[in-house]
2 protein chains.
Amino acid sequence: MNNQTTININGKITPKEDAKISIFDRGFLFGDSIYEVTYTTERAILFVNEHLDRLYQSANLIQMNMNLSREKIIKEVLKTLKAANIDNAYIRIIVTRGESEISLDPTQTEQNNFIIIVKPRPIYSDELYSKGISLKIVSVLRNDAKAINPSAKSGNYLNNIMALKEAKDYGYDDALMMNKEDYLTEGTTFNIWMIKDNCLYTPPVESGLLEGITREKVINLCNDNKLALELKNITEHEILSADEVFITSSTRGIMPVFKINDKIYSEKSTLQKISNLYKELVLKELCLAKKHYTY
Amino acid sequence: MNNQTTININGKITPKEDAKISIFDRGFLFGDSIYEVTYTTERAILFVNEHLDRLYQSANLIQMNMNLSREKIIKEVLKTLKAANIDNAYIRIIVTRGESEISLDPTQTEQNNFIIIVKPRPIYSDELYSKGISLKIVSVLRNDAKAINPSAKSGNYLNNIMALKEAKDYGYDDALMMNKEDYLTEGTTFNIWMIKDNCLYTPPVESGLLEGITREKVINLCNDNKLALELKNITEHEILSADEVFITSSTRGIMPVFKINDKIYSEKSTLQKISNLYKELVLKELCLAKKHYTY
């Protein structure tokens, strides 16, 4: 693990070797927690409001009481970033339902546990952005929204872990998951997009996915720039017949996909256009972030 | 929390206030862990082999490497029980995939974290065994086996937590969950049984459930005692038309259900018979356990 990792546990900057949580924390016992990941560029936090909106949405979806205000979270994130003193940082914010007797009953807790992990932002190689990644459509289905709603970014990640394991076992970089109706949902940590005949397609929320912040930004970019876009259920056959495919995620932005199963995608013209628009948007966001969320 | 709780972390008896785990443990980050709950009667561990079989089955289902032998686990459980010095104890055994960098990739860990929690066995009132509990068939569906297999007893319990929350919100003791095909699966921490015209019914593993150890014992008791039994998919309509309903779980044994949704069950004759047979079986198990697994 990286030595530059800085940890904040319930408001206290804590050395890594002491960064521990009670085994009675419900996050540990049951995965009863929510989280967000965002990052900084040149000492400014990007898209912090969007990530906090989603954190509270996750809390809402799993009916978790939040004793934490947005102001408190931002204050503690900035404090952790200052302590870490890294220009380009990865930020993970974890909130658990707190400690309780060993009981599934979620009403027995009083106080959230609140953890922030800051470390150097991972650097993805130029090759990943020029060539892209390989994906396998795996046999592991995405959690059904009526069982565990994928729109809540929670501590229940075994579904994604097993999907990634299956893809890696076959030599792929990552996994794409379907739902029970045989439609694509999302990857293990990203949303999926395809382009066919100059129109962009991405699965709708109803397919069972996390509403990615980058996904939302790209939807807006398409609308603002009059690019043809449709949110629709996508079959395996459809994505394997697409002209271009890419993924979106907060940490990776827009990254091309060069292969799904045995299908190779070599075309990148539309995704290049989107990618440039997204880079412009990030620069604008950076200007705003530098005014409000620096350390 | 109970003061008599005794905790063993990786072989070390640890005071409760120090009973902590790294925030980089995958059990905390992702619910990437498995567990078992069993208990002791008169200082003997009951059904320990069955629980260890299932622990290794859970590890297998989520492809978790186990650096722990059965002998080591039993040795540490006995050590913890001795330290706790409780005659009738609750035992929780948790094994996580260990600590890693923050990555879903499960192959990056080397060493499991291994936790045992021992505390006084909860006492369920005589009323619960004579009258029974109330259950609500909730809108939360049980995890689909192709997404997260309910046969693995893992640290991903948000599904069950949300189901219990829904049932409690409506004033019921606990929840029953259906699968996507509209068949009953199981409760949040127990298997479900119904009796109709003197025949016992319980859902098959394929409906998506944890193969309860008490469930298995009751199946065997039915076969040994020539009681009519069928493992079959059960609809909501069928269970609401049943003569008797009960639940099975390791900690509760056999417990009647007096109500599901608005339906009241007052008949208890067949379940009384099963309950008596089960009590005899537990006494036999206790004799065996006293020879091999005492502290």
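See above for the structure.
Since this is a predicted model, take the numbers as computed values, not measurements.

**Examining the overall build of chain A**
Looking only at helices and strands, chain A features 8 helices and 16 strands. Along the three orthogonal principal directions, the C-alpha set of chain A runs to about 55 × 45 × 35 Å. Taking all 295 residues of chain A together, the buried fraction comes to 61%. Pairs at least 24 residues apart make up 71% of the contacts formed inside chain A by residues separated by at least 6 positions. Entry remark: accessible area of chain A is about 11,900 Å², with carbon and sulfur atoms responsible for 47%. If the 37 positive side-chain charges of chain A are averaged to one point and the 39 negative ones to another, these points end up 4 Å apart.

**Thoughts on the packing of helix H2 (residues 48-61) of chain A against helix H3 (residues 70-84) of chain A**
How two helices pack is summed up by the angle between their axes together with the distance between the axes. Residue and element names in this part refer to chain A. Where H2 meets H3, the closest approach of the two axes is 11 Å, and the angle between their N-to-C directions is 125°. Taken together, H2 and H3 sit at an angle that is classed as oblique. Crossing of H2 against H3: the hand is right-handed. On the side of H2, the interface is formed by Val 48, Asn 49, Leu 52, Asp 53, Leu 55 and Tyr 56, while H3 contributes Arg 70, Ile 73 and Ile 74. Of the residues contributing to the contact of H2 with H3, the split by class is 6 nonpolar, 1 polar and 2 charged.

**A closer look at the pairing of strand S12 (residues 199-202) of chain A**
Residue and element names in this part refer to chain A. Every second residue of S12 is oriented toward a common face, with Cys 199 and Tyr 201 on one face and Leu 200 and Thr 202 on the other, all of them buried. Where strand S11 (residues 191-196) and S12 come together, 3 bridges link them in antiparallel fashion. Across the sheet, the residue bridging to Met 194 is Tyr 201, located in S12. Connecting the antiparallel pair S11 and S12 is a turn made up of 2 residues, with Asp 197 showing a positive phi of about 50°.

**Observations concerning the interface of chain B and chain A**
Between chain B and chain A, the contact holds 64 residues from the first and 64 residues from the second. A buried area of about 5,300 Å², summed over both sides, lies between chain B and chain A, and 69% of it is on carbon and sulfur atoms. Inspection of the chain B/chain A interface yields 6 salt bridges. With its nearest N and O atoms 3.0 Å apart, the salt bridge here joins Lys 119 of chain B to Glu 101 of chain A. Viewed at the interface, chain A and chain B are joined by 23 residue pairs in polar contact (both at pLDDT 80 or more). Among the secondary structure elements, those contributing two or more residues to the side of chain B that touches chain A are strand S1 (6-9), strand S3 (20-22), helix H1 (26-30), strand S6 (89-96), strand S7 (113-120) and helix H5 (158-169) of chain B. For the side of chain B that touches chain A, the element with the highest residue contribution is H5 of chain B, accounting for 9 residues.

**Re the nonpolar core**
Among the nonpolar cores identified, the biggest contains 114 residues, and Ile 23 of chain A together with Ile 23 of chain B are the most heavily contacted of them. The residues touching Ile 23 of chain B, leaving out its near neighbours within four places in the chain, are Ile 7, Ile 9, Ala 19, Lys 20, Ile 21, Ile 115 and Ile 117 of chain A together with Phe 28 and Leu 29 of chain B. Judged by nonpolar contacts, the second largest core, of 23 residues, contains Ile 213, Val 218, Leu 221 and Phe 246 of chain B.

**As for the environment of Tyr 39 of chain A**
All names here are of chain A. When you line up the elements, Tyr 39 lands in strand S4 (residues 33-41). Since its relative accessible area comes to 4%, Tyr 39 is described here as buried. The spacing of Tyr 39 and Asn 88 is 49 residues in sequence and 7.1 Å in space, taken between C-alpha atoms. Apart from the residues within four sequence positions on either side, Tyr 39 is in contact with Ala 44, Ile 45, Leu 46, Phe 47, Ala 89, Tyr 90, Ile 91, Arg 121 and Ser 250.

**Observations regarding the sheet that holds S1 of chain B**
Residues and elements named next belong to chain B. Strand order in the open sheet formed by 6 strands is S2-S1-S7-S6-S4-S5, and the pairing between neighbours is antiparallel. Every other strand in the sheet has two partners, leaving strand S2 (12-14) and strand S5 (44-45) as the edge strands with one partner each. Of the pairings in the sheet, the one linking strand S4 (residues 33-41) to S6 comprises 7 bridges and is antiparallel in character. Counterpart to Val 37 in the pairing with S6 is Arg 92.

**Quick word on the relation of the copies chain B and chain A**
When chain B is fitted onto chain A, the two copies agree to an RMSD of 0.0 Å after a turn of 180° and an axial shift of 0.0 Å. The transformation just described matches what one would write down for a two-fold rotation axis. When the interface residues of chain B are mapped onto chain A, 100% of them again lie at the interface, so the same face is used by both copies.

**Points about unusual backbone geometry**
Note on backbone geometry: most residues besides glycine have negative phi, and most peptide bonds are trans. In this structure, Arg 43 of chain A is a non-glycine residue whose phi angle is positive, near 65°. Relative to the helices and strands, Arg 43 of chain A resides in the loop between S4 and strand S5 (44-45).

**Observations concerning the sheet that holds strand S2 (residues 12-14) of chain A**
Residue and element names in this part refer to chain A. The 6 strands are arranged S2-S1-S7-S6-S4-S5 in an open sheet whose pairing can be described as antiparallel. Edge positions in the open sheet fall to S2 and S5, since each of these has one partner strand only. Pairing of strand S1 (residues 6-9) with S2, which is carried by 3 bridges, proceeds in the antiparallel orientation. Of the residues in S2, the one forming a bridge with Ile 7 is Thr 14. On the sheet, H3 packs against S1, S2, S4, S5, strand S6 (89-96) and strand S7 (113-120) and is oriented at approximately 35° with respect to S7.

**Overview of the pairing of strand S9 (residues 174-178) of chain B**
Residues and elements named next belong to chain B. A large share of S9 lies buried, amounting to 5 of its 5 residues. With burial as the criterion, each face of S9 is covered, one bearing Asp 174, Leu 176 and Met 178 and the other bearing Ala 175 and Met 177. Bridge analysis of strand S8 (residues 133-137) against S9 gives 3 bridges, and the strand direction is parallel. What sits directly across from Lys 136, in S9, is Ala 175.

**A few points about H5 of chain B**
Between its first and last C-alpha atoms H5 of chain B spans 16 Å; for 12 residues at 1.5 Å apiece the expected length is 16 Å, and the two agree. The buried fraction of H5 of chain B amounts to 10 of the 12 residues, a majority that puts the element mostly inside the structure. Those residues of H5 of chain B lying buried are Leu 158, Asn 159, Asn 160, Ile 161, Met 162, Ala 163, Leu 164, Lys 165, Glu 166 and Ala 167 of chain B. In this fold, the buried residues of H5 of chain B make contact with helix H1 (26-30) and H2 of chain A together with S8 and S9 of chain B. Gly 171 of chain B occupies a position one or two residues after H5 of chain B and carries a positive phi of about 90°.

What counts and what doesn't
- Residues numbered from 1 in each chain as written.
- Chains lettered and ligands numbered in written order.
- Predicted model: local features only at pLDDT ≥ 70, side-chain atom pairs only at ≥ 80, totals over all residues.
- Heavy atoms only, no water.
- Helix = DSSP H or I, 4+ residues; strand = E, 2+ residues; numbered from the N terminus.
- Buried < 20%, exposed > 50% of the residue type's maximum accessible area, 1.4 Å probe, protein only.
- Contact = heavy atoms within 4.5 Å.
- Areas by Shrake-Rupley, 256 points an atom, 1.4 Å probe, with all protein chains shown as cover.
- Lys, Arg positive; Asp, Glu negative; His and termini not counted.
- Charge placed at Lys NZ, Arg CZ, Asp CG, Glu CD.
- Axes fitted to C-alpha atoms, helices over the stretch in contact; angles between N-to-C directions.
- Parallel < 35°, antiparallel > 145°, perpendicular 65-115°, else oblique.
- Left-handed = near helix turned anticlockwise from the far one by under 90°.
- Nonpolar A, V, L, I, M, F, W, Y, C, P; charged D, E, K, R; others polar.
- Pairing = 2+ DSSP bridges.
- Buried area = accessible area lost by both parts, 1.4 Å probe.
- Salt bridge = Lys/Arg side-chain N within 4 Å of Asp/Glu carboxyl O.
- Polar contact = N/O pair within 3.5 Å; in protein donor to acceptor, adjacent residues only side chain to side chain.
- Core = buried A, V, L, I, M, F, W, Y, C linked by side-chain atoms within 4.5 Å.
- Least-squares fit on C-alpha atoms with pLDDT ≥ 70 in both.
- Expected span 1.5 Å × (residues − 1).

It is worth stressing that arrangement in space is one thing and function is another; only the former is reported here.
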